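The lines below spell out each chain.
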Amino acid sequence: MAVKTLIQGIHDGMREALRQDLRVVVLGEDVGKNGGVFRATEGLWQEFGEERVMDTPLAEAGIVGAAIGMAVNGLRPIAEIQFMGFIYPAFEQIVTHAARLRTRTQGQHPASLVIRAPYGGGIRAPELHSDSTESLFVHIPGLKVVVPSTPADAKGLLLAAVKDPDPVIYLEPMQIYRSVKGEVPDGWHEVPLGKARVLREGEDVTLITWGAMVPLAEKCAQAWAGRGISCEVIDVRSLYPLDEETIIASVKKTGRVVIVHEAPKTAGLGAELTALINEQAFLWLEAPITRVTGFDVPVPMFALENAFRPDQERVDRAISYVTSF
Amino acid sequence: MLQQTRHDMVQYLRPNGWLTDEGKKVWGGLSREQKLDLYRWMVKVRLFDRRAVILQRQGRIGTYAPLEGQEAAQVGSALALGREDWIFPSYREHGVSMIAGMPLAHILLYWMGRVEGNTAPEGVRVLPPYVPIATQMPQAMGAAWASKLKRESSLAIAYFGDGATSEGDFHEACNFAGVFQLPVLFFCQNNQYAISVPFSRQSATSTVAEKGQAYGIPSVRVDGNDVLAVYHVTAEAAERARNGGGATLIEAVTYRQGSHTTADDATRYRDPEEVRIWVEERDPVDRCRRLLEREGLLSEEYIASWEECCKKEIQEAVDAAERAKAPPPTHLFNHVFETLPPSLLRQREELVRKEGGPDGSENPDPRHP
Ligand SMILES: Cc1ncc(C[n+]2csc(CCOP(=O)(O)OP(=O)(O)O)c2C)c(N)n1
Ligand SMILES: [Mg+2]
């Protein structure tokens with residue numbers, strides 16, 4: 001095992017998939033010679049050639065539509081969308097076709113493919129590059145949605161997604177592409193879809209989060225530990241299907257919940273988690289479930305990015321609210 | 001590739017049933033059975049289509065998209081394909097689907113609102129009808145790309161209408177196919193209307209074919225009511241695709257004789273004289289029948305017995321579709337994912353409680369809501 005960054009974990013996952021499964025192809029804008037705008041596919045074109053790692057024209061519906069057709073005809077495509085903010089031209093192909101081809105053909109064409117997209121803010125990217133619209137996809141029956149927040153999970157979830165027979169939206173928190181480091185297992189390493197990760201155990205408050213908000217939650221948990229409040233931190237990492245068991249067990253233990261996500265509040269995944277806890281652990285709650293989220297405003301240009309995204313102060317306030325309720 | 005000026009149209013069989021000089025050569029290259037097949041399939045497709053419209057009027061199927069008038073475009077192109085080719089149809093391609101091996105009963109089931117109608121028998125490479133316009137095109141392109149990467153000789157064909165050429169998916173698919181020289185055929189049935197909107201409102205170019213040229217793919221405009229020309233043009237394009245020559249855009253100029261669907265009334269937006277000309281003077285089936293009769297390949301008795309035979313087959317399909325046992329409500333959940341996650345299993349349970357047992361027979365716990 002070697003210590004790597006999150007984006008290296010993603011890269012390793014793709015490399016392993018290309019090595020072990022000849023059906024796997026990578027396609028997208030600038031993924032070839034250039035290795036992707038974030039270098040996620042660095043060296044793959046050189047190693048596997050232009051029939052496995054393919055630069056495409058600049059057309060997201062074309063990329064995803066092609067990937068679906070390839071899946072129908074026996075390949076296992078990994079399609080890269082350069083930024084989540086630019087996934088919308090492909091929305092119809094994803095929602096109308098990838099998500100339901102299995103149902104529509106009664107299992108004949110499961111549309112086994114992976115769509116990768118960097119998402120979220122925090123890197124002072126140009127306008128419209130920082131969307132966090134994961135719940136649009138979580139809402140669509142037939143799709144699985146995952147978000148890694150560690151290098152090992154990046155590789156493990158990617159390989160699980162490639163192996164999974166259903167279409168998987170694999171979202172990459174670009175803020176922590178290089179800031180998070182950790183050991184990554186060699187060879188084929190899978191992290192099962194549908195399993196959350198408890199990165200810190202605690203008794204008093206459950207912090208539920210994913211993606212780039214995981215390091216923030218961890219930092220808050222550490223700070224509160226000094227004040228005698230122990231937080232359990234759950235990295236959901238599989239947004240659909242959810243690991244209800246892990247989440248509910250934690251809530252039953254702590255009775256207090258703070259959900260942190262970068263996406264806007266209304267109909268964000270926090271709302272679904274709140275409903276889930278309400279349905280399954282209502283009687284264990286000691287305080288209202290509290291959400292710390294992006295505001296319900298269009299994701300701003302980066303000058304105001306920090307005002308938009310959850311930060312330590314807002315999470316602290318939520319923790320103090322639920323612990324003093 | 002055929003050299004065409006912008007508005008030329010490949011035509012081998014004139015509306016009056018006489019072959020052009022070029023047409024005589026092509027016709028001469030067909031066997032007796034091939035010639036008869038062109039006609040027989042068109043008749044079967046037309047009789048099926050007419051029966052389906054009646055079934056809709058009787059309330060036995062849902063809203064249906066009739067194809068009458070487009071038989072030559074569908075039959076000519078579908079007969080030029082091989083079993084290994086991938087077909088991505090729109091919602092009007094019943095003729096194509098049945099030639100590719102989709103059972104008539106499945107086609108009817110689809111219009112009865114039954115998802116089983118989407119399933120193709122083993123070895124039949126027909127995807128379900130694509131309802132959102134033009135979305136099948138990038139997928140056909142992707143399937144063709146996979147064939148090319150795997151070095152297989154199969155090609156993919158996308159069927160779509162003139163309205164589809166305004167959608168982004170049309171342009172993206174054509175562009176990729178041109179860039180990567182993919183073995184895909186884009187087969188446009190230009191029936192001149194997208195519901196009520198005429199092609200002149202759809203496009204400032206007067207042909208679809210010239211759009212393909214902008215993407216560097218050979219593009220052919222063919223008389224879509226001339227089954228021989230459609231067959232030949234498609235066969236040529238297919239051969240070129242299999243030999244590494246890449247994609248072709250085929251514009252088959254045709255006409256939808258009926259309404260857009262059984263829920264539409266085309267008299268609201270089409271000139272009756274225009275319709276009359278297409279129905280009375282340019283009908284694809286009549287044209288082929290006249291040729292075959294003159295060649296002594298068709299007699300009145302033969303026509304009558306073939307029509308009988310088709311009607312019988314169609315009746316059997318209607319019976320089979322109407323007899324096909326509806327799946328239980330829990331079938332909703334069967335193919336959403338390969339393995340249902342716990343949340344979906346719980347939702348399935350909720351439905352079971354409402355409906356009774358998984359087959360709807362008995363309620364395991366009637367007290368539960
Ligand atoms: C994306 C999309 N927009 C609108 C519709 C509604 N609609 C169904 S058919 C149709 C017209 C299609 O015309 P054309 O492509 O020429 O095909 P045709 O019906 O003539 O065969 C429209 C607007 C649709 N199905 N999909
Ligand atoms: Mg049309």
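Remember, it's a predicted structure, so these values are computed and weren't measured experimentally.

What should I look at first to understand the pattern of salt bridges in this one?
A side chain of one charge can pair with a side chain of the opposite charge if their charged atoms are brought near each other. Residue and element names in this part refer to chain B. Applying the stated criterion to the full structure yields 43 salt bridges over all chains. Its salt-bridge partner being Glu-22, residue Lys-25 comes within 3.3 Å of it at the nearest N-O pair. Of this pair, Lys-25 and Glu-22 both sit in helix 1 (residues 21-28), three residues apart, roughly one helical turn. With relative accessibility at 59%, the residue Lys-25 sits in the exposed group. The exposure class assigned to Glu-22 is partly exposed, which follows from its relative accessible area of 40%. Across the salt bridge formed by Arg-46 and Asp-283, the nearest N and O atoms sit 2.7 Å from each other. Here Arg-46, found in helix 2 (residues 32-57), pairs with Asp-283, found in the loop between helix 11 (272-281) and helix 12 (284-294); they are 237 residues apart in sequence, far enough to count as distant.

Would you take a moment to explain unusual backbone geometry for this structure?
For residues besides glycine, phi is generally negative; the peptide bonds are generally trans as well. Here Tyr-240 of chain A and Pro-241 of chain A are connected by a cis peptide whose omega angle stands at -5 degrees. Take Pro-241 of chain A: it is sitting in the loop between strand 12 (238-240) and helix 9 (244-254). Phi at Asp-30 of chain A takes a positive value of approximately 65 degrees, unusual for a residue other than glycine. Tracing the backbone through its elements, the reader meets Asp-30 of chain A in the loop between strand 2 (24-28) and helix 2 (44-48). One non-glycine residue, Gln-181 of chain B, lies in positive phi territory at about 50 degrees. Position of Gln-181 of chain B among the secondary structure elements: in the loop between helix 7 (168-180) and strand 3 (184-190).

What should I look at first to understand the side chain of Arg-76 of chain A in this one?
All names here are of chain A. Structurally, Arg-76 can be placed in strand 4 (residues 76-80). Within the structure, Arg-76 has its side chain in polar contact with the backbone oxygen of Val-162 (distance 2.7 Å). Residues contacting Arg-76, with those up to four places away along its chain left out, are Asp-21, Arg-23, Val-24, Val-25, Ser-112, Val-162, Lys-163, Asp-164 and Pro-165.

Sorry if this is basic, but what is going on with the nonpolar core here?
A general tendency of soluble globular proteins is for nonpolar side chains to be buried together. Grouped together as the largest cluster of nonpolar side chains are 93 residues, with contacts concentrated most on Trp-145 and Phe-186 of chain B. The contacts of Trp-145 of chain B, once residues within four sequence positions are left out, are Leu-27, Met-54, Thr-56, Ala-66 and Met-70 of chain A together with Phe-176, Phe-180 and Leu-182 of chain B. Of all hydrophobic cores here, the second largest spans 76 residues; its members include Leu-36, Leu-67, Leu-81 and Leu-297 of chain B.

What should I look at first to understand the coordination of the magnesium ion (ligand 2) in this one?
Residues and elements named next belong to chain B. Within the protein, the magnesium ion (ligand 2) binds to Asp-162 (OD), Asn-191 (OD1) and Tyr-193 (O); these donor distances fall in the range 2.0 to 2.1 Å. Sequence spacing of the donors to the magnesium ion (ligand 2): D-x28-N-x1-Y. You can see Asp-162 sitting in the loop between strand 2 (156-161) and helix 7 and its partner Tyr-193 sitting in strand 4 (residues 193-194), a full 31 residues away along the chain. Take Tyr-193: its relative accessible area is 10%, and that puts it in the buried class.

I would appreciate a short explanation of the packing of helix 3 (residues 60-72) of chain A against helix 6 (residues 136-149) of chain B in the present structure.
Working note: a packed helix pair is described by the angle between its axes plus the distance between those axes. Axis separation between helix 3 of chain A and helix 6 of chain B bottoms out at 6 Å; the angle between their running directions is 55 degrees. Put simply, helix 3 of chain A runs oblique to helix 6 of chain B. Of the two possible hands of crossing, helix 3 of chain A and helix 6 of chain B adopt the one that is right-handed. Contacts between helix 3 of chain A and helix 6 of chain B involve Ala-61, Gly-62, Gly-65, Ala-66, Ile-68, Gly-69 and Met-70 of chain A from the former and Pro-138, Gln-139, Met-141, Gly-142, Ala-143, Trp-145, Ala-146 and Leu-149 of chain B from the latter. Split into classes, the residues belonging to the contact of helix 3 of chain A with helix 6 of chain B amount to ten nonpolar, five polar and no charged.

What's the story with the interface of chain B and chain A in this structure? I'm lost.
Interfaces are often sized by the amount of accessible area the parts lose when they come together. With 39 residues of chain B at the contact, the number on the chain A side is 45 residues. Counting the contacts that link chain B with chain A gives two salt bridges. Between Glu-51 of chain A and Arg-151 of chain B there is a salt bridge, with its nearest N and O atoms 3.0 Å apart. Summed over the shared surface of chain B and chain A, the number is 18 residue pairs in polar contact (both at pLDDT 80 or more). Of all the secondary-structure elements, those providing two or more residues to the side of chain B that touches chain A are strand 1 (86-88), helix 6, helix 7 and helix 14 (342-355) of chain B. Among the elements that take part in the side of chain B that touches chain A, helix 6 of chain B stands out by supplying nine residues, more than any other. Of the residues in the side of chain B that touches chain A, the class split is 22 nonpolar, ten polar and seven charged.

When you look at the layout of surface pockets in this model, what are you seeing that I'm missing?
Using a probe with the size of a water molecule, rolled over the atoms, empty space left in the structure can be pinpointed. Quantified by volume, the largest pocket comes out at close to 900 Å³. Secondary structure elements with two or more residues in the lining of the largest pocket: helix 6 (134-138), strand 12 and helix 10 (269-281) of chain A together with helix 14 of chain B. The element that contributes the greatest number of residues to the lining of the largest pocket is helix 10 of chain A, accounting for seven residues. Per-class residue counts for the lining of the largest pocket are 18 nonpolar, eight polar and seven charged.

Looking at this structure, I do not really get empty space enclosed by the protein. What am I missing?
All names here are of chain B. Applying the stated criterion across every chain yields a total of four cavities of 30 Å³ or more. Forming the walls of the largest cavity are 17 residues, and the residues nearest its centre are Ser-97, Met-102, Ile-107, Tyr-110 and Pro-129. Only helix 4 (94-100) and helix 5 (104-111) provide two or more residues apiece to the lining of the largest cavity. No other element matches the three residues that helix 5 contributes to the lining of the largest cavity. Among the residues forming the lining of the largest cavity, the class breakdown is ten nonpolar, five polar and two charged.

Whenever I open this one, the UniProt feature "domain: Transketolase-like pyrimidine-binding" (unreviewed entry) in chain A confuses me. Can you help?
Residues given the UniProt feature "domain: Transketolase-like pyrimidine-binding" (unreviewed entry) here are residues 4-179 of chain A. Summarising residues 4-179 of chain A: 36% helix, 17% strand, and an end-to-end C-alpha distance of 10 Å.

Please clarify how the packing of helix 2 of chain B against helix 12 of chain B should be interpreted in this entry.
Residue and element names in this part refer to chain B. Orientation of helix 2 relative to helix 12, taken along the N-to-C sense of each, is 145 degrees, at an axis distance of 10 Å. Along this stretch, helix 2 crosses helix 12, giving a crossing that reads as left-handed. Of helix 12, the residues touching helix 2 (which contributes Lys-35, Tyr-39, Met-42, Val-43 and Arg-46) are Pro-284, Val-285, Cys-288, Arg-289 and Leu-292.

I'm lost on the confidence of the model for chain B in this one. Help?
As a general rule, the predicted coordinates of low-pLDDT regions are not to be interpreted in detail. All names here are of chain B. Looking at chain B as a whole, the pLDDT averages 94, with 95% of positions reaching at least 70. Below a pLDDT of 50 lies the segment residues 360-369, which in the model reaches eleven contacts outside its immediate sequence neighbourhood of four places, other chains included. Predicted complex metrics record ipTM = 0.95 and pTM = 0.96.

Quick question: what am I supposed to make of the domain arrangement of chain A here?
Residues and elements named next belong to chain A. Split by domain assignment, chain A resolves into domain 1 (2-184) and domain 2 (197-322). The distance between the C-alpha centroids of domain 1 and domain 2 comes to 26 Å. Of the residues lining the interface, 28 residues belong to domain 1; the matching set on domain 2 comes to 23 residues. Inspection of the region where domain 1 meets domain 2 yields two salt bridges. Its salt-bridge partner being Arg-237, residue Asp-153 comes within 2.9 Å of it at the nearest N-O pair. The interface formed by domain 1 and domain 2 includes 14 residue pairs in polar contact (both at pLDDT 80 or more). Secondary-structure elements contributing two or more residues to the side of domain 1 that touches domain 2 are helix 6, strand 6 (144-146) and helix 7 (151-163).

The rules behind these values
Residues numbered from 1 in each chain as written. Chains lettered and ligands numbered in written order. Predicted model: local features only at pLDDT ≥ 70, side-chain atom pairs only at ≥ 80, totals over all residues. Heavy atoms only, no water. Salt bridge = Lys/Arg side-chain N within 4 Å of Asp/Glu carboxyl O. Helix = DSSP H or I, 4+ residues; strand = E, 2+ residues; numbered from the N terminus. Buried < 20%, exposed > 50% of the residue type's maximum accessible area, 1.4 Å probe, protein only. Polar contact = N/O pair within 3.5 Å; in protein donor to acceptor, adjacent residues only side chain to side chain. Contact = heavy atoms within 4.5 Å. Core = buried A, V, L, I, M, F, W, Y, C linked by side-chain atoms within 4.5 Å. Donors = N, O, S within 2.8 Å, 3.2 Å for Na, K, Ca; no water. Axes fitted to C-alpha atoms, helices over the stretch in contact; angles between N-to-C directions. Parallel < 35°, antiparallel > 145°, perpendicular 65-115°, else oblique. Left-handed = near helix turned anticlockwise from the far one by under 90°. Nonpolar A, V, L, I, M, F, W, Y, C, P; charged D, E, K, R; others polar. 1 Å grid on protein atoms, 1.4 Å probe; cavity = no way out; pocket = protein on both sides within 12 Å on 5 of 7 lines; lining within 4 Å. Points joined across faces, edges and corners; volume = space filled by probe spheres on them. UniProt positions renumbered as here; feature names shortened; annotations may be inferred. pLDDT = per-residue confidence, 0-100. Domains from an automatic or database assignment.

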